[in-house]
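# Survey of secondary and tertiary structure
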Amino acid sequence: DSNTFGWVYEPKTKIVSRLPLKETWPYQMSKALGGKYRIEVDALGGRTTDVDEPISTGSGEIPGPTYNGLTTLPAALSANMPVDLVIIMLGTNDLKAGHHRQAKDVAQGLINLTRCVVDARWQSRTAYKAPRVLIVLPPPMDGDHTPYGDFFAGSLAKTKVWGPVIEKAVTAAGAEFFDGGAVVGLPDQPDNVHLTSNEHEALGKAVAQKVREMMRK
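Residues numbered from 1 in each chain as written. Predicted model: local features only at pLDDT ≥ 70, side-chain atom pairs only at ≥ 80, totals over all residues. Heavy atoms only, no water.

## Observations concerning the overall build of the chain
The helix and strand tally for the chain stands at 7 helices and 5 strands. The order of α-helices and β-strands along the chain, N terminus first, is α-β-β-α-α-β-α-β-α-β-α-α. Against the globule reference of 17 Å for 217 residues, the chain gives a C-alpha radius of gyration of 16 Å, in line with a compact fold. For the chain, the spread of C-alpha atoms along the three principal axes comes to 50 × 35 × 35 Å. Across the 217 residues of the chain, 48% fall into the buried class. Considering only contacts within the chain whose residues lie at least 6 apart along the sequence, 66% involve residues at least 24 apart. Accessible surface, the chain as shown: approximately 10700 Å² in total, 53% of it carbon and sulfur. One finds the centroid of the 24 positive side-chain charges in the chain at a distance of 7 Å from the centroid of its 24 negative side-chain charges. (Helix = DSSP H or I, 4+ residues; strand = E, 2+ residues; numbered from the N terminus. Rg over C-alpha atoms; globule rule 2.2 N^0.38 Å. Buried < 20%, exposed > 50% of the residue type's maximum accessible area, 1.4 Å probe, protein only. Contact = heavy atoms within 4.5 Å. Areas by Shrake-Rupley, 256 points an atom, 1.4 Å probe, with all protein chains shown as cover. Lys, Arg positive; Asp, Glu negative; His and termini not counted. Charge placed at Lys NZ, Arg CZ, Asp CG, Glu CD.)

Structure (structure tokens):
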């Protein structure tokens, strides 16, 4: 979603921009891994785990159903196969007040994404092995203190408790889990939703260590 994209929001002008790509956490992760692996990034601001958006959000006019991660995941995977490891950091946008989702609902969305990857129906006519999956828990968010009105109202309480719920669910589904929120805490951009360049760097380095551990297995 937008925290992988490198979203920058200026509250005064309401203009959206982007951090330099080299500053975003996937590229910081790649740098920490010494460029040993080919990294493909598919990040869309506003993306959910498996929920359609009835109203276009994000950077401009984009069809609502395309924000659904489960809808677009098979094509993204197929376009980049063969794939060894799929890293997913989604769930923040599931907490939009209009979706009425709790931690267990986000967990189910991440289960559905994990199953999509490991079932590998999107590559059923190939001999490639199914990729492994790493779920990165997004940072917590104080949705009652953002420039987005009541868009994320009540999200802080949900993100305080969602870690154990999501970890248990996705590991049972066959994924590995990493708590990104434990690394960066509440985001420090002025909108209280998005990561700063320094937070991207810290997250990228931390995820890189987890990836090293996984790739040794």
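That was the structure; now back to the text.
## Description of the sheet that holds strand 5 (residues 176-179)
Reading across the sheet, the 3 strands line up as 3-4-5 and stay open at both edges, with parallel pairing between neighbours. With partners counted over all chains shown, the strands left at the sheet margins are strand 3 (85-88) and strand 5, one partner each. Taken pair by pair, the neighbouring strands of this sheet meet at an average axis angle of 20 degrees, ignoring direction. In this structure, strand 4 (residues 132-137) lies alongside strand 5, joined through 4 bridges in parallel fashion. Bridge pairing in strand 5 places Leu-134 opposite Glu-176. Strands strand 3 and strand 4 of the sheet are contacted by helix 4 (residues 103-119), whose axis makes an angle of about 160 degrees with strand 4. Packed on one face of the sheet, helix 5 (residues 155-172) meets strand 4 and strand 5 and runs near 160 degrees to strand 5. (Pairing = 2+ DSSP bridges. Axes fitted to C-alpha atoms, helices over the stretch in contact; angles between N-to-C directions.)

## Focus on a nonpolar patch on the surface
A surface patch of nonpolar side chains, amounting to about 230 Å² of accessible area, comprises Leu-21, Tyr-27 and Val-41. With respect to the secondary-structure elements, Leu-21 resides in the loop between strand 2 (15-18) and helix 2 (25-32). (Patch = residues over 30% accessible without salt bridge, like charges linked within 9 Å, V, L, I, M, F, W, Y side chains within 5 Å. Salt bridge = Lys/Arg side-chain N within 4 Å of Asp/Glu carboxyl O.)

## Re the packing of helix 4 against helix 5
At a closest axis distance of 9 Å, the pairing of helix 4 and helix 5 adopts a crossing angle of 30 degrees. Our classification of the angle between helix 4 and helix 5 gives roughly parallel. Note that helix 4 runs across helix 5; the crossing there is right-handed. Seen from helix 4, the contacting residues are Ala-103, Lys-104, Val-106, Ala-107, Leu-110 and Ile-111; seen from helix 5, they are Trp-162, Val-165, Ile-166, Ala-169 and Val-170. Split into classes, the residues belonging to the contact of helix 4 with helix 5 amount to 10 nonpolar, no polar and 1 charged. (Parallel < 35°, antiparallel > 145°, perpendicular 65-115°, else oblique. Left-handed = near helix turned anticlockwise from the far one by under 90°. Nonpolar A, V, L, I, M, F, W, Y, C, P; charged D, E, K, R; others polar.)

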